[in-house]
Amino acid sequence: VTLSLEGGIKGYIRSMDSQLPPNIDNLPEELPGLTQNVVSTNYLTIYATPKFEYWVRRVNLSLNLPVSYAHYSFDKAIANHDEVYFSPSLSFNWKPNNRFSGTLRGGLGRSPMNLNLIHPGLIMTNYRTLESGVDDFYNTSSQNISASVSYKHTRHGLFANGMVMH
C-alpha cells in the first residue's frame, strides 16, 4: 500500500495594452462595446493530488484524486471567478508474468476554458481578420476510459502493444 500527496501553487499573469492611438481620424481610444484598451487575465491555483496505490500479487490498483481551487481575475474583461476542480481517475494493471501486461483506466475531469479567448471585444489576428472573444467564463468536462495490452519477448526481439480509448 502506498499513499502519496503532491501539491503546490501556480499562477499566471497576463495583460494586453492595445495602444490604440488617441484621436486619429477623430476616433476615441476605446469604442464602447467593441474595444477595450487594457485587458488583464490572471489566475492563482492551489492544488493537491492524493494518490493511493495497492499491490496484491500481480495486480496494481491506483486511485488519483486531484483537487484544485482557482481564482481568476479578469480586470475589466469579464467578471472575476472562483472555481473548484475535481478530476478522479482509477487504474487497474495486471502483470501475470514478465512478458505480458494489461491495463484498464478510467476517469472524469473538468478544466477551465482557454484563457487566450478572454477579451470583451474584437482583436485583429492578422491584417484582415477580426476575432471576437468570449464574455463569459465556462468549463469543459471530460470522461475517458482506456484499455491497453503489451507483450514483449526480448530474446526474439518481439514487442507488441495495443490500446483502445474512448
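Above this text you will find the structure in question.
Within each chain, residue numbers correspond to sequence positions counted from 1 in written order. Totals for whole chains, interfaces and linings use every residue, but because this is a predicted model, local features are given only for residues with pLDDT of at least 70 and side-chain atom pairs only at 80 or more, for both listing and counting. Only hydrogens and water are set aside; all other atoms, that is, all heavy atoms of the structure, feed into the side-chain values.

K.L.:
It is not clear to me how the overall build of the protein chain should be interpreted in this structure. Could you clarify?
P.N.:
Counting from the N terminus, the helices are DSSP H or I runs at least four residues long and the strands are E runs at least two residues long. Tallying secondary structure elements over the protein chain gives zero helices and 13 strands in all. When the helices and strands of the protein chain are listed from N to C terminus, the series reads β-β-β-β-β-β-β-β-β-β-β-β-β. Only protein chains enter the calculation, and the probe is 1.4 Å; a residue is then buried if its accessible area is under 20% of its type maximum, exposed if over 50%, and partly exposed in between. Across the 166 residues in the protein chain, those meeting the buried criterion constitute 20%. Within the protein chain, contacts between residues at least 6 apart in sequence are counted, and of these 54% link residues at least 24 apart. Contact definition: two residues touch when any of their heavy atoms are within 4.5 Å.

K.L.:
Would you mind showing me how to read unusual backbone geometry here?
P.N.:
Both trends apply: most residues other than glycine have a negative phi, and most peptide bonds are in trans. Phi angles above zero are rare outside glycine, and R57 is one such case at about 50 degrees. Examined against the element boundaries, R57 turns out to sit in the loop between strand 4 (42–56) and strand 5 (59–64). Residue classification places R57 among the exposed residues on the basis of a relative accessible area of 84%.

K.L.:
Would you take a moment to explain the environment of T140 for this structure?
P.N.:
Residue placement: T140 occurs in strand 12 (residues 139–153). Here T140 falls in the partly exposed class, since its relative accessible area comes to 37%. Sequence spacing of T140 and R110 is 30 residues, and the spatial spacing of their C-alpha atoms is 5.6 Å. Not counting chain neighbours up to four residues away, the residues in contact with T140 comprise G109, R110 and S111.

K.L.:
I tried to follow the packing of aromatic side chains on my own but got confused; where do I start?
P.N.:
Each aromatic ring pair is characterised by the separation of its centres together with the angle its planes make. For this analysis, a ring pair means two rings from Phe, Tyr or Trp (six-membered ring only for Trp) whose centres lie within 6.5 Å, classed as stacked if their planes differ by under 30 degrees, edge-to-face if by over 60, and tilted for the remaining angles. In this structure the tally under the stated criterion is three aromatic pairs. Aromatic pair Y12 and Y43: ring centres 5.6 Å apart, planes at 20 degrees, arrangement stacked. Taken together, the positions of Y12 in strand 1 (residues 2–12) and Y43 in strand 4 put the pair 31 residues apart, joining distant regions of the chain. Taking relative accessible area as the criterion, Y43 reaches 22% and is therefore assigned partly exposed. Judged by centre distance (5.8 Å) and plane angle (75 degrees), the ring pair of W94 and F100 falls under edge-to-face.

K.L.:
Explain the side chain of S62 here, please?
P.N.:
By secondary structure assignment, the location of S62 is in strand 5. For S62, a relative accessible area of 9% translates into the label buried. Not counting residues within four places of it along the chain, the set of residues in contact with S62 comprises K51, F52, E53, S89, L90 and S91.

K.L.:
Can you help me understand the layout of surface pockets in this one?
P.N.:
Regions of empty space are outlined by a rolling probe, equal in size to a water molecule, passed over the atoms. The method works on a 1 Å grid over the protein atoms by themselves. A cavity is a set of points holding a 1.4 Å probe that cannot get out, a pocket is an open set with protein on both sides within 12 Å along at least five of seven lines, and residues with an atom within 4 Å of a point line them. Grid points are joined across faces, edges and corners, and a volume is the space filled by probe spheres set on the points. Each pocket or cavity is described by its volume, and for the largest pocket that value is around 320 Å³. Surrounding the largest pocket, 19 residues form its lining, K10, T45, S68, Y85 and P112 being those nearest its centre. Considering only residue class, the lining of the largest pocket consists of 12 nonpolar, five polar and two charged. Under this grouping Gly is polar, as are all residues other than the nonpolar Ala, Val, Leu, Ile, Met, Phe, Trp, Tyr, Cys and Pro and the charged Asp, Glu, Lys and Arg.

K.L.:
Sorry, what's going on with the pairing of strand 5 here?
P.N.:
Along a regular strand, successive side chains alternate from one face of the sheet to the other. Strands qualify as paired when DSSP identifies two bridges or more between them. Across six bridges, strand 4 lies against strand 5 in antiparallel orientation. Across the sheet, residue V56 finds its bridge partner in strand 5, namely V59. Connecting the antiparallel pair strand 4 and strand 5 is a turn made up of two residues, with R57 showing a positive phi of about 50 degrees. As paired strands, strand 5 and strand 8 (residues 89–94) are joined by six bridges and run antiparallel to one another. Looking at the pairing, N60 lines up with N93 of strand 8.

K.L.:
I keep staring at the pattern of salt bridges and nothing clicks. Help me out?
P.N.:
Should the charged atoms of two oppositely charged side chains come close, the side chains can pair. Put simply, a salt bridge is a Lys or Arg side-chain nitrogen that is within 4 Å of an Asp or Glu carboxyl oxygen. In the structure shown here, the tally under the stated rule is one salt bridge. Residue R110 is joined to E83 by a salt bridge in which the shortest nitrogen-to-oxygen separation is 2.6 Å. Of this pair, R110 sits in strand 9 (residues 100–112) while E83 sits in strand 7 (residues 81–86), and the two are 27 residues apart along the sequence. The buried category is assigned to E83, whose relative accessible area is 14%.

The quantities given are spatial measurements derived from coordinates; they are silent on function.
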